[in-house]
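# Secondary and tertiary structure notes
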Amino acid sequence: MIYPATYNFLHARRKQGRFLVKLVIALVLASVAIVVTMWFVTRYTNDDDENDRTGSDEWLHHAIVLGFYLFSPFWMIYFVIGITLAFVYDAYRPKETHHAKRYGYIADICTVMILALSIVQVSQGVVDETRNYFFRPSEANNSYLDDASTNRLWDTVYGRLFCPITSLWIYTLSTGEGVTAKFLRNEILVSTLAPNSYGCFLFHQMVGQ
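About the cut-offs
Each chain carries its own residue numbering, running from 1 in the written order of its sequence. At least 70 in pLDDT is required for a residue's local features to be given in this predicted model, at least 80 for side-chain atom pairs to be given and counted, and no such filter applies to totals for whole chains, interfaces and linings, which use all residues. Note that water and hydrogens are dropped before the side-chain values are worked out from all heavy atoms of the structure. Think of it this way: any DSSP run of H or I at least four residues long counts as a helix, any run of E at least two long counts as a strand, and we number them from the N terminus. Accessibility here uses a 1.4 Å probe with only protein chains present; expressed as a share of the type maximum, an area under 20% marks a residue as buried, one over 50% as exposed, and anything in between as partly exposed. Whether two residues are in contact is decided by their heavy atoms, any of which lying within 4.5 Å being enough. Exposure was quantified through the Shrake-Rupley algorithm and a 1.4 Å probe, taking into account, for residues, occlusion by the shown protein chains and nothing else. Only rings of Phe, Tyr and Trp enter the pairing, Trp through its six-membered ring, and a pair is recorded when the two centres are within 6.5 Å. The plane angle decides the type: under 30 degrees is stacked, over 60 is edge-to-face, the rest tilted. Helix span, expected: 1.5 Å multiplied by one less than the number of residues in the helix.

Turning to the overall build of the chain, a few remarks are in order. A tally of helices and strands in the chain yields 11 helices and 0 strands. The N-to-C order of helical and strand elements in the chain reads α-α-α-α-α-α-α-α-α-α-α. Here the chain holds 209 residues, and 31% of them are scored as buried. The long-range share in the chain, meaning contacts at least 24 apart out of those at least 6 apart in sequence, stands at 70%. Summed over its atoms, the accessible surface of the chain is roughly 13,700 Å², and 66% of this surface lies on carbon and sulfur atoms.

In structure tokens, the structure reads:
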């Protein structure tokens, strides 16, 4: 239902490149606003008294956090961003311009940024309440505040904060230019791993835990 409606809306405006770009920017900013709002509204803070919480408070908090993580409408905006990016690509066809290599440079810069942030995040190690984490608020690192729902909420929010970078990354990678695109054309990745990627995605929760 969502795909046909979104496709028809964008197809009618497929030649309006500037409008599509503005729409992508608006959607990306909206996605960031949603996750930031969700974090500040639903987290448990250090000022919260565990003794003041009722069973209904706990139930509502868990319902909101799990709903944000699992309920499809909260993921839908990223689906729409992807569709819109495809129409932007079709409108401008960056691969066919004289400056196609520039998109490769941008894609490689995005790759370095994503790798650097991932390395910094992973290098912080496992959750340790006696340490401070640059990329993890104290509320998401304190098991005494709740039973990991705030912890999980932050994990969900943090990944979605990458949306601006990944949106630009996917768009520029689509030109096939740059070191990253060349690496991703590796025969093993294309012929062996890629066909199984969707299956890995479907079972990533069970595999990850």
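Additional details are given in the paragraphs that follow.
Moving on: the packing of aromatic side chains. What the rule picks out here adds up to 8 aromatic pairs. Ring geometry for Y3 versus Y7: centroids 5.9 Å apart, planes at 35 degrees, classification tilted. In this pair, Y3 and Y7 both sit in helix α1 (residues 2-11), 4 residues apart, roughly one turn of the helix. Linked through ring pairs, Y3, Y7, F79 and F87 together constitute an aromatic cluster.

For helix α5 (residues 100-123), spanning 24 residues, the distance from its first C-alpha to its last is 35 Å, which sits close to the expected 34 Å at 1.5 Å a residue. Among the residues of α5, A100, G104, A107, D108, C110, T111 and I114 are the ones counted as buried. Next to the buried residues of α5 lie α7 (163-173) and α8 (178-184).

Worth remembering: the numbers are spatial, not functional.
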